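Chains, contacts and geometry: an overview
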Amino acid sequence: YVFGKKKATEVAHLIWKHVVRNGDTVIDATCGNGYDTLAMLKLVADESGRGHVYGMDIQRDALESTSSLLDESVPLKEKESVTLFSICHSRMEEIVPENSPVRLVAFNLGYLPGGDKKITTISETTRLALEAAKKILIPGGLISLVVYVGHPGGMEELETVEAFASGLSVDSWICCKFQILNRPLAPVLVLLSKREIAETQ
Ligand code: SAM
């Protein structure tokens, strides 16, 4: 039982818990109002301050909202384990220090809830960001995407994500999606899991 009355984002958070460990480096590719950033911080933060969340968004409002949520939710010391960047997620490789073991890259696509609905993620930059995430993820890591199909461009974006996932090597990746069949406009959760050890046929 995973779905029940849970939202796709809550299901994603449950799955992250099985993948991410204290001290990991993770990426929130779409900070928005910061709920995913906060969930990730709780998974990686440890006493030694080793774990880190790199968050990004193209809207200043979103980064401010994320920063405020962290201020309200965690002690200042813990907040230091998050760094926020005002850049497009297609540039994520530029901000994560080299040799950081990135175990999770999470996308929550679409528009900023409470913000301008016309500013959304778009297929082309999402595809570029997926290419970047693929390069920096460690074996055993996960790319998690919540894709909203009910707004203009959303269905096309899901097709882009699925085309990317379908093209990944079966030896190194396990790619799947959770979709509510009797609610066609419900968000779709796509999970791209990089195998610990590549399997040869
Ligand atoms: N994860 C968020 C949360 O927990 O509240 C919700 C994310 S919201 C659905 C999508 C966000 O993606 C918006 O804030 C939007 O500004 C951002 N976004 C759109 N295009 C982007 C891009 N190219 N790079 C990074 N963020 C982008």
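Residues numbered from 1 in each chain as written. Predicted model: local features only at pLDDT ≥ 70, side-chain atom pairs only at ≥ 80, totals over all residues. Heavy atoms only, no water.

Per-residue pLDDT for the protein chain has a mean of 94; in total, 96% of the residues score no lower than 70. Here the predicted complex scores 0.96 on pTM and 0.98 on ipTM. (pLDDT = per-residue confidence, 0-100.)

What follows concerns the site of the ligand. Thr30, Asp36, Asp57, Gln59 and His89 are the nearest of the 23 residues found near the ligand. At 3.2 Å from an oxygen atom of the ligand is found a main-chain nitrogen or oxygen belonging to Tyr35. Look at the ligand: alone it shows 610 Å² of surface, and the protein chains cover 96% of it. Among the detected pockets, the ligand sits in the largest pocket. Its residues placed into classes, the shell around the ligand shows 11 nonpolar, 10 polar and 2 charged. (Near = heavy atom within 4 Å. Polar contact = N/O pair within 3.5 Å; in protein donor to acceptor, adjacent residues only side chain to side chain. Areas by Shrake-Rupley, 256 points an atom, 1.4 Å probe, with all protein chains shown as cover. 1 Å grid on protein atoms, 1.4 Å probe; cavity = no way out; pocket = protein on both sides within 12 Å on 5 of 7 lines; lining within 4 Å. Sits in = over half its atoms within 2 Å of the grid points. Nonpolar A, V, L, I, M, F, W, Y, C, P; charged D, E, K, R; others polar.)

To continue, consider the nonpolar core. Met92, Val105, Phe107, Ile143, Leu145 and Leu192 are the most contacted members of the largest nonpolar core, which has 30 residues in total. For this core, the secondary structure elements donating two or more residues are strand S2 (52-56), helix H5 (92-95), strand S4 (102-108), helix H6 (123-136), strand S5 (137-147), helix H7 (154-166) and strand S7 (188-194). Ala12, Ala39, Leu41 and Leu189 belong to the second-largest nonpolar core, a separate cluster that totals 26 residues. (Core = buried A, V, L, I, M, F, W, Y, C linked by side-chain atoms within 4.5 Å. Buried < 20%, exposed > 50% of the residue type's maximum accessible area, 1.4 Å probe, protein only. Helix = DSSP H or I, 4+ residues; strand = E, 2+ residues; numbered from the N terminus.)

Position of Ser123 relative to the elements: it lies in helix H6. A polar side-chain atom of Ser123 sits 3.4 Å from a polar atom in the side chain of Thr160. Each residue touching Ser123, except ones within four places of it in the same chain, is listed here: Glu156, Glu157 and Thr160. (Contact = heavy atoms within 4.5 Å.)

Another point: H6. Here H6 spans 20 Å end to end across 14 residues, near enough to the 20 Å set by a 1.5 Å rise per residue. Among the residues making up H6, those that are buried are Ser123, Thr126, Ala129, Leu130, Ala132 and Ala133. The elements touched by buried residues of H6 are H5, S4, S5, H7 and S7. (Expected span 1.5 Å × (residues − 1).)

Here helix H3 (residues 60-73) is 14 residues long and its end C-alpha atoms lie 20 Å apart, about the 20 Å a rise of 1.5 Å per residue gives. Ala62, Leu63, Thr66, Leu69 and Leu70 are the residues of H3 that are buried. In an axial view of H3, the angular spread of the buried residues amounts to 125°, which keeps them on one side of the axis. Relative to its buried face, H3 has exposed residues pointing more than 90 degrees away, namely Arg60, Asp61, Glu64 and Glu72. Lining the buried residues of H3 we find helix H2 (35-44), S2, helix H4 (76-79) and strand S3 (82-85). (Arc of directions from axis to C-beta.)

Further remarks concern unusual backbone geometry. One non-glycine residue, Asn99, lies in positive phi territory at about 70°. As for its placement among the helices and strands, Asn99 is situated in the loop between H5 and S4.

Attention now goes to the environment of Ser123. You can call Ser123 buried: its relative accessible area is 9%. Spatially, the C-alpha atom of Ser123 lies 9.8 Å from that of Met155, the residues being 32 residues apart in sequence.

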